[in-house]
Amino acid sequence: MSLQTGNSHFQGLSAAVPIWIGYAAVGVPFGVLAGQAGLSILQIALMSIIVFAGSSQFIAVSMIGSGSGILPIIVTTFFVNLRHLLMSSTLALHLKGVSRGRLSLLAAEITDETFAVNLTRFARGDWDERKALVVNYTSHLAWIASSVAGGMLGHIIPQGAFGINYALTAMFLALLVLQIISSLIGFIALVSGVLAVIIAQVLPGNWYVIIATVVAATLGVIIQDRFPSFLAGKVKAHDA
Amino acid sequence: MTPELYLLCILGMCLVTFTPRWLPLIWLSGREIPPLFVRWLRFVPASILSALVVPSILLDQAGNLSLIRPEFLVSLPTLAYAWWSRSLGGTVVVGMLLFYAAEKFMY
C-alpha cells in the first residue's frame, strides 16, 4: 500500500467517526426493538447487512411485530427510502468517469449520513470515490455491529448516555452549516426547513423530506433567474 | 413471520432501497447533465439536510411543534458553534455534551 492510499484511507476513516458514534446510538435501540419483535440475532444482522436503511428498518420491525404481511412492509420501505433518489443524483455531479462497478458499490451504501458527509467533502474538492467507499463501508459495519449488539445485550446497555442520542442531529446541523456557502443557499435551506415542518404535520410518512427539498431547490433556481441580485452575497468559504 | 418469508421480505426491502440509490448515480454520472438540472441540484444538499434535521428538532414524538424541547434548545448553541468553528467533529462533541447537560437539567 502506497503512502497516498494509506493517507486517503485515514481521511475516509476520520470523516466517518461521527457517523459511527451516531449509528451506535441508533443501531443499538434498533437491535433491541427487533429482538422484541421476535427476530433472531442472525435475522437482525441480515436485515442490517442487506437493507442498511435506519428509519425503514425501525418501521419494518415494528410492522413485523404487529403481524404485517411482507408486501406492505416492502411498499412502505420504498416510499421511506425514495429520498435517496435526490441524494444519488447530487452525488453523480462529483463522480464522473468512475467505473460502474465502483458506482454500484457506492450507491448501495447511500444513507442520509454517508451522503451528507461525502457530499460535503466532495464539495471541498479533496475527496474521491475511494475515500467515499471507506466512509460508506465502515459506517455500514458500525450499523451492523451496533444492531447486533442491541439484539444481543440491549437491555444491559444504558440508553442515551453522554448525549449520544444527539450525535447524528449535531452532525446534520454541522453539515448543514458547511453547505451554506451563499446567502441564497442559506435562505433556501431556511425555506426548506420551514416547509418540512409544515408538511410533516399535514402529510403522513416522510414525504415532507422530498417535497420540501424539491420545492425549495426549485425556488432557488427561480430566484437566481428572476431576481439575480436577491441575496447574491457569498458567505465565507467553508474550510473546516 | 416464517424464516423464508422474512428472507423474502428483506430481499424485497433491499431491492426497493437499492434501486433509487443506484439508478441516478449510474444514469447521470455517465452523461452531460443539463445545466438547469445542475443548478437545481446545487440547492439540493442544503435543502435536504434542512428538511431532515429541522423537523427532527422542532417536532415532538406526536408530531407537534414544540420550542421547549432540549433537541431544539441545544440546536441553537450547536449551530452557533458549527458556524464559528466550521468543525464537524467538534460540533458533534459539543452538541452531545450540551444535550447531555440539557437532559440532566430539564428532567
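Residues numbered from 1 in each chain as written. Chains lettered and ligands numbered in written order. Predicted model: local features only at pLDDT ≥ 70, side-chain atom pairs only at ≥ 80, totals over all residues. Heavy atoms only, no water.

Q: Quick question: what am I supposed to make of the pattern of salt bridges here?
A: Oppositely charged side chains can pair when the atoms bearing their charge come close. With the rule as written, the count across this model stands at five salt bridges over all chains. Here Arg-124 of chain A makes a salt bridge to Asp-126 of chain A, at a shortest N to O gap of 3.4 Å. Note on Arg-124 of chain A: relative accessible area 30%, which makes it partly exposed. Among the ionic pairs, Arg-39 of chain B bridges to Asp-225 of chain A, the shortest N-O distance being 2.8 Å. On the criterion of chain membership, the pair formed by Arg-39 of chain B in helix H2 (residues 35-58) and Asp-225 of chain A in helix H11 (residues 207-226) is interchain, its members lying in two chains. (Salt bridge = Lys/Arg side-chain N within 4 Å of Asp/Glu carboxyl O. Buried < 20%, exposed > 50% of the residue type's maximum accessible area, 1.4 Å probe, protein only. Helix = DSSP H or I, 4+ residues; strand = E, 2+ residues; numbered from the N terminus.)

Q: Help me understand a nonpolar patch on the surface in this model?
A: Residues and elements named next belong to chain A. Together, Leu-71, Val-75, Phe-79, Leu-190, Val-194, Ile-198, Val-202, Leu-203 and Trp-207 give the surface a local cluster of nonpolar side chains, amounting to about 840 Å² of exposed area. Secondary-structure elements contributing two or more residues to the nonpolar patch are helix H4 (70-81) and helix H10 (183-202). Its location among the elements puts Leu-203 in the loop between H10 and H11. By relative accessible area, which is 36% here, Leu-203 ends up partly exposed. (Patch = residues over 30% accessible without salt bridge, like charges linked within 9 Å, V, L, I, M, F, W, Y side chains within 5 Å. Areas by Shrake-Rupley, 256 points an atom, 1.4 Å probe, with all protein chains shown as cover.)

Q: What is the right way to look at helix H3 (residues 54-65) of chain A in this model?
A: Within an α-helix, residues lying three or four positions from one another point in the same direction, as the helix has 3.6 residues per turn. Residue and element names in this part refer to chain A. With twelve residues, H3 extends 17 Å between its outermost C-alpha atoms, agreeing within 8% with the 16 Å of an ideal straight helix rising 1.5 Å per residue. If you check which residues of H3 are buried, you get Ser-56, Gln-57, Ala-60, Val-61, Met-63 and Ile-64. Along the axis of H3, the buried residues cluster in a sector spanning 160°; they form a single face. Among the residues trailing H3, Gly-67 stands out with phi positive, at a value near 80°. (Expected span 1.5 Å × (residues − 1). Arc of directions from axis to C-beta.)

Q: What is the right way to read the interface of chain A and chain B from this model?
A: Interfaces are often sized by the amount of accessible area the parts lose when they come together. In this assembly, 95 residues from chain A lie in contact with 67 residues from chain B. Between chain A and chain B lies a buried interface of about 7,200 Å² when both sides are counted; carbon and sulfur atoms form 77% of it. One can count one salt bridge joining chain A with chain B. Summed over the shared surface of chain A and chain B, the result is 20 residue pairs in polar contact (both at pLDDT 80 or more). Here the side of chain A that touches chain B is built from residues that sort into 64 nonpolar, 24 polar and seven charged. (Contact = heavy atoms within 4.5 Å. Buried area = accessible area lost by both parts, 1.4 Å probe. Polar contact = N/O pair within 3.5 Å; in protein donor to acceptor, adjacent residues only side chain to side chain. Nonpolar A, V, L, I, M, F, W, Y, C, P; charged D, E, K, R; others polar.)

Q: Explain empty space enclosed by the protein here, please?
A: It is a probe the size of a water molecule, rolled over the atoms, that shows where empty space is left. Residue and element names in this part refer to chain A. Inspection of every chain in the model, using the stated rule, returns one cavity of 30 Å³ or more. Empty space within the largest cavity amounts to approximately 40 Å³. Every residue along the wall of the largest cavity is listed here: Leu-91, Leu-106, Ile-110, Thr-114, Phe-115, Asn-118, Phe-122, Ala-132 and Asn-136. Broken down by secondary-structure element, the contributors of at least two residues to the lining of the largest cavity are helix H7 (112-124) and helix H8 (129-153). Considering only residue class, the lining of the largest cavity consists of six nonpolar, three polar and no charged. (1 Å grid on protein atoms, 1.4 Å probe; cavity = no way out; pocket = protein on both sides within 12 Å on 5 of 7 lines; lining within 4 Å. Points joined across faces, edges and corners; volume = space filled by probe spheres on them.)

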